[in-house]
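# A structural walkthrough
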Amino acid sequence: NAGVTQTPKFRVLKTGQSMTLLCAQDMNHEYMYWYRQDPGMGLRLIHYSVGEGTTAKGEVPDGYNVSRLKKQNFLLGLESAAPSQTSVYFCASSFSTLNTGELFFGEGSRLTVL
Amino acid sequence: SQQGEEDPQALSIQEGENATMNCSYKTSINNLQWYRQNSGRGLVHLILIRSNEREKHSGRLRVTLDTSKKSSSLLITASRAADTASYFCATSSISGYALNFGKGTSLLVTP
């Protein structure tokens, strides 16, 4: 099993450009999450999904959109990138609610917006 | 909003010593989890302690939880250089849909 796979691993964008980060998991997990990690800020939740076809906002959703068309994939989109979105993005998944389970993380996608 | 707050922010010890990290949180929780992150890598789950538990062990790890003080501690015994990493606490709310992470403790273990 590959676990949670994120693509791309690195990307440089210019302000105003758009892009999509792809997260794929092969563990048949229901729940998927996108976090961003910034120095001194820890991890902050952007959006999450509790099942195929569902999405919900997290703590810092502005400037991002997500889609969960297939159970195994969770896409994070930036429609018009801004320098404030320079960050490391982590996708994670869990089998059940976090009352009983743990998160499995991908290796991260490092995004720089110039 | 970020729920957990780790203390200290950075910790430097020698191999063989014990490392203790603390986590404080603000609101009621269902469980508290600890994660480890090696430099440039994703987070890896270490241990989960439920709100009705007070102590839990896993190998060289010992976690305590004091819900009255809204705090937890992670003890790593007999530290090794390979334990060098950042350690994060994360709390699960009653709804259990997402984890709120603290800012982490950076641990350096020198040979």
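Residues numbered from 1 in each chain as written. Chains lettered and ligands numbered in written order. Predicted model: local features only at pLDDT ≥ 70, side-chain atom pairs only at ≥ 80, totals over all residues. Heavy atoms only, no water.

Turning to the sheet that holds strand β7 (residues 61–66) of chain B, a few remarks are in order. In any sheet, the strands associate via hydrogen bonds between backbone groups, in a parallel or an antiparallel arrangement. Residue and element names in this part refer to chain B. Taking strand neighbours across the sheet as the criterion, the 5 strands line up as β1-β3-β8-β7-β6 in an open arrangement whose pairing is antiparallel. Each edge of the sheet is formed by a strand with only one pairing partner; in this case those strands are β1 (5–7) and β6 (55–58). Going from strand to strand, the sheet's axes swing by 20° on average, the running direction of each strand aside. The pairing of β6 with β7 spans 4 bridges and is classified as antiparallel. Bridge assignment links K56 to a residue of β7, and that residue is V63. (Pairing = 2+ DSSP bridges. Helix = DSSP H or I, 4+ residues; strand = E, 2+ residues; numbered from the N terminus. Axes fitted to C-alpha atoms, helices over the stretch in contact; angles between N-to-C directions.)

Residues and elements named next belong to chain A. One open sheet holds the 4 strands; their spatial order is β1-β3-β8-β7, and the pairing between them is antiparallel. On the outer flanks of this sheet lie β1 (4–7) and β7 (65–67), each paired with one strand and no other. In this sheet, adjacent strand axes meet at a mean angle of 20° when their direction is disregarded. Here 4 bridges tie β1 to strand β3 (residues 19–25), and the two strands are oriented antiparallel to one another. Along β3, the bridge assignment pairs T5 with A24.

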